[in-house]
Structure formats: structure tokens, C-alpha cells
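Chain by chain, the residues run as shown.
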Amino acid sequence: MSCSYYAPQRLEELLAILAEKKEKAKVLAGGTDLVIALQEGNLDYDYIVALHKIPELKGISMSGDTIVIGAMTTHTEVERSSLINANALLLAQAAASVGSPQIRNAGTLGGNICNASPAADTVPALIALDAYVKIVSKGSEREMPLEDLFLGMGKTKLGCDEVIKEISFKALPDGAGSIFVKLARRNALAISRISVAAIVASNEYVTDCRIAMGAVAPNPFRVRGAEQAWLGRTVTADNLDICVEAAFQEISATLGQRASAIYKKRAGKALIRRALSIASGQM
Ligand SMILES: Cc1cc2nc3c(=O)[nH]c(=O)nc-3n(C[C@H](O)[C@H](O)[C@H](O)COP(=O)(O)OP(=O)(O)OC[C@H]3O[C@@H](n4cnc5c(N)ncnc54)[C@H](O)[C@@H]3O)c2cc1C
């Protein structure tokens, strides 16, 4: 396969190229997923359009209580950001768990999202944070909850002339606990077999409970029944158990009868218990 390579320097230039070339063009971020797919001959594009020179796609900032991360921000930058560590610890942990240092230096948040893998580590953390994505194309801009972006494994609602510009979410309130945990094979570059992102805030009662899971369904998702099971109740081990049991029922229904289901149900339950215990300060 041979194709032409573009490296636009401004967002406007990128969007003009995508509007003209449409489905013949593919955007390249850090390349850690895309280059492998291209090498395997799974994709056929006439134009590769690199995003790395575009300043509008980079950086981490905070305005009021909203944090905005450019799609081209790398996992290393997220992992090391004092803003993210102070206001969304689970996202820093998720970014830190991606692959190896080389992969984290090259791989970006936007690429992790748009690759739409069930096991994308930053996605459960971002879904737990109620993150939104800003999607841009020539002459238009729209925003949607990240959770609504996915259409199954490897598929998103992005049009061929659209890119994610940035991801935004509210900083966690003072006192909220959060964590990202993943189970993977014993291998430094292991892809998640199951992951859990959890946020718990409480006074005497649980005032906020958010749980997202990765690698148990075609795309990461919120375990909303379990969240509701703990909300408004006291932060006790008994009520944590009720929440964990509700989560177990939800992931069991999602996993169905597939071969890995028995392992994933049990391991998922244990991982959720661990995540909620830590996020709620019981461990
Ligand atoms: C050895 C190895 C280990 C890995 N380990 C992990 C791991 O532990 N956890 C994990 O989650 N992932 C892992 N990955 C997968 C990969 O590194 C991540 O998904 C990474 O974040 C992808 O980002 P990227 O910038 O390299 O994307 P690219 O490969 O450049 O692009 C990926 C896809 O997203 C599209 N895209 C990229 N940016 C945008 C944008 N702004 N708008 C629209 N479309 C866009 C591209 O067109 C392409 O379809 C691993 C990969 C390798 C090779």
C-alpha cells in the first residue's frame, strides 16, 4: 500500500484536508494502534494525516471547576500532570497503567478513545468522570458524553471528516475518593482483562458513587444499578456488599454465556470490591 502523508500545522488546515479527502484519509495521533493496523494490512487509506503539529489539540487546563485535555495529550503527560493528580486521580492512574513508558510517551488520550477498544484503560476512568468529547469538522463543532461515542468494538460515531479536539470533565469535589484498577496478564505490556474505575464521595451517607468497567463488554460502560444501590446509604461494609452484589448481577447479565464469563464475573466482582473499598476509604 502506498499513501500520501500530511502534517498540518493548524486545526483549520487539518479540517480542510479531512473535508476534501473524506473516507480516503485517516488521522494519525501517536500511532501505537494505527501503525500496527497499517502494517498488518488491515486498513487501506490514500492519505495519512498526522495530528502531532497542531497546537489546538494539545495541553491540559482548568477553567472554573472544568478540566480540559487536548486530544493529542500523551498518557505520560496525563500521568504526570499535577492538575490531573489533584483533581482526577483515577485518570492519572489509568494513564499510568497503559503499556510501557515508550507507549505512554507516544500514545494519546484521543487515540485511546478513538481506537474504541473494550480494554482502553483511560476510557472507564473518563466515563466515571462523566467526561464529554468535543468533536470538530470543517465549519462545525459538537459535544457529546464520551459514553455515547461508542458503537461497539472498534467503532465510534465520528464521521470521516471529524476529529476529537478535546475531552472535558468536572474536577472531583474535595474529599471524593477515586481509583482505577486493572487485572491483566503478568506482562509489562499487558492489555486489561478487566478494569474498574470508581469514584465515591460521602459525608455520613454516600453522596456520589460512580463505577465504570472496561473489557467486559464491547465498550466500557457505567454500572448504574450498582451505583444507585449505594447512593444515599451509609458508608458501611454491609452497604458496600449490597453495591458489589448489584454490580455482580449487572456484569453477569452483560457477559452472558461467553467462554471467559465465569472468570470475568468472579474477578470483576473482586475487583469492584477492591476499587470501592479503596475509593470509600475502607481499605
Ligand atoms: C505494546 C502495546 C501495549 C499497549 N498497552 C495498552 C494498555 O495497557 N492499555 C491501553 O489502553 N492501550 C494499550 N495499547 C494501545 C494504545 O497504545 C493506546 O490505545 C493509545 O492510547 C493509542 O493512542 P495513539 O495516539 O497511539 O493512537 P493512534 O494509533 O495514532 O490512533 C488510534 C485510532 O484513533 C484515531 N484517532 C487518534 N486521535 C484521534 C482524534 N483526535 N480524533 C479522531 N480520531 C483519532 C486514529 O485514526 C486511529 O483510528 C497498547 C499498544 C501497544 C502497541
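Within each chain, residue numbers correspond to sequence positions counted from 1 in written order. Residues qualify for local features only when their pLDDT is at least 70, as the model is predicted, and side-chain atom pairs are given and counted only at 80 or more; totals for whole chains, interfaces and linings, by contrast, use all residues. With hydrogens and water excluded, all non-hydrogen atoms of the structure serve as input to the side-chain values.

(A) A look at the overall build of the chain. When its secondary structure is counted, the chain shows 11 helices and 12 strands. When we talk radius of gyration, it's over C-alpha atoms, and the globule rule is simply 2.2 Å times the number of residues to the 0.38. For the chain, the C-alpha radius of gyration of 19 Å lies close to 19 Å, the compact-globule estimate for 283 residues. When its C-alpha atoms are laid out on the principal axes, the chain stretches across 60 × 45 × 30 Å. For the chain, the residues scored as buried account for 49% of the 283 residues in total. Surface accessibility in these figures is a Shrake-Rupley result with a 1.4 Å probe; residues are shielded only by whichever protein chains are displayed. Put simply, the chain shows about 13,000 Å² of open surface, and 49% of that area lies on carbon and sulfur atoms. Counted as positive: Lys and Arg. Counted as negative: Asp and Glu. His and the chain ends are not counted at all. Positions of charges follow a simple convention, taking NZ of Lys, CZ of Arg, CG of Asp or CD of Glu. Taken as two groups, the 31 positive and 29 negative side-chain charges of the chain have centres that lie 6 Å from each other. Strands are runs of DSSP state E lasting at least 2 residues, helices are runs of H or I lasting at least 4, and numbering of each runs from the N terminus. Any residue under 20% of the maximum accessible area for its type is buried, any over 50% is exposed, and the rest in between are partly exposed; the area is computed with a 1.4 Å probe on protein chains only.

(B) Quick peek at the domain arrangement of the chain. These domain boundaries are the output of an automatic or database domain assignment. When its domains are assigned, the chain resolves into domain 1 (4-50), domain 2 (55-170) and domain 3 (194-279). For domain 1 versus domain 3, the separation of C-alpha centres amounts to 38 Å.

(C) Fine view of the environment of Gly-70. As for its placement among the helices and strands, Gly-70 is situated in strand 5 (residues 66-70). Counting along the chain gives 77 residues from Gly-70 to Glu-147, while the straight-line C-alpha distance between them is 18 Å. The contact criterion used is simple: two residues touch if any of their non-hydrogen atoms lie within 4.5 Å. Non-local contacts of Gly-70, meaning those with residues more than four positions away in its chain, are made with Leu-57, Lys-58, Gly-59, Lys-165 and Glu-166.

(D) Fine view of the sheet that holds strand 1 (residues 4-6). Paired strands, in this sense, are two strands between which DSSP finds at least two bridges. Taking strand neighbours across the sheet as the criterion, the three strands line up as 1-3-2 in an open arrangement whose pairing is parallel. Of all the strands in the sheet, the pair left with one neighbour each is strand 1 and strand 2 (25-28). Averaged over all pairs of adjacent strands, the angle between their axes in this sheet comes to 25°, without regard to strand direction. Two strands pair when backbone bridges link them, and strand 1 and strand 3 (residues 47-50) are joined in this way by three bridges, in the parallel orientation. When the bridges of strand 3 are listed, Tyr-6 appears paired with Val-49. Simply put, an axis is a line fit to the C-alpha atoms, just over the touching stretch for a helix, and the angle between two N-to-C directions goes from 0 to 180 degrees.

(E) Structural detail: the site of the ligand. Nearness is defined per residue: one heavy atom within 4 Å of the molecule or strand is enough. Around the ligand, the structure places 34 residues, and the nearest of them are Val-27, Thr-32, Asp-33, His-75 and Thr-108. Pairs of N or O atoms are called polar contacts if they sit within 3.5 Å, as long as, within protein, a hydrogen donor faces a hydrogen acceptor (for residues adjacent in sequence, only side-chain-to-side-chain pairs). Between the ligand and the protein, one listed contact pairs an oxygen atom with a side-chain N or O atom of Asp-33 at 2.6 Å. When the ligand sits alone it has 980 Å² of accessible area, and the protein chains cover 91% of it. Those elements that place two or more of their residues in the shell around the ligand are strand 2, helix 2 (34-39), helix 7 (109-114) and strand 8 (163-170). Element by element, the count of residues in the shell around the ligand is highest for helix 7, at four residues. Of the residues assigned to the shell around the ligand, the class counts are 18 nonpolar, 12 polar and four charged. Viewed by domain, the shell around the ligand spans two of them, domain 1 (4-50) and domain 2 (55-170), each represented by three or more residues. Any residue outside Ala, Val, Leu, Ile, Met, Phe, Trp, Tyr, Cys, Pro, Asp, Glu, Lys and Arg is labelled polar, Gly included; the first ten of those are nonpolar and the last four are charged.

(F) Looking closely at the side chain of Asn-219. Its location among the elements puts Asn-219 in the loop between strand 11 (206-214) and strand 12 (221-222). If sequence neighbours within four positions are ignored, Asn-219 has contacts with Ala-116, Pro-118, Phe-150, Leu-151, Gly-152 and Met-153.

(G) Inspection of unusual backbone geometry at higher detail. Positive phi, close to 55°, is recorded for Ala-116, a residue that is not glycine. Residue position: Ala-116 is located in the loop between helix 7 and helix 8 (122-128). Here Asp-130, not a glycine, exhibits a phi torsion of approximately 60°, which is positive. By the element assignment, Asp-130 lies in the loop between helix 8 and strand 6 (132-137).

(H) Geometry of the packing of aromatic side chains. Aromatic pairs are defined between Phe, Tyr and Trp rings, using the six-membered ring for Trp, whenever the two ring centres lie within 6.5 Å; interplanar angles under 30 degrees are classed as stacked, those over 60 as edge-to-face, and all others as tilted. Applying the stated criterion to the full structure yields one aromatic pair. Relative to Tyr-47, the ring of Tyr-6 has its centre 5.9 Å away and its plane inclined at 40°; by these criteria the two rings are tilted. Taken together, the residues Tyr-6 in strand 1 and Tyr-47 in strand 3 connect sequence positions 41 residues apart. Residue class for Tyr-6 comes out partly exposed when judged on its relative accessible area of 29%.

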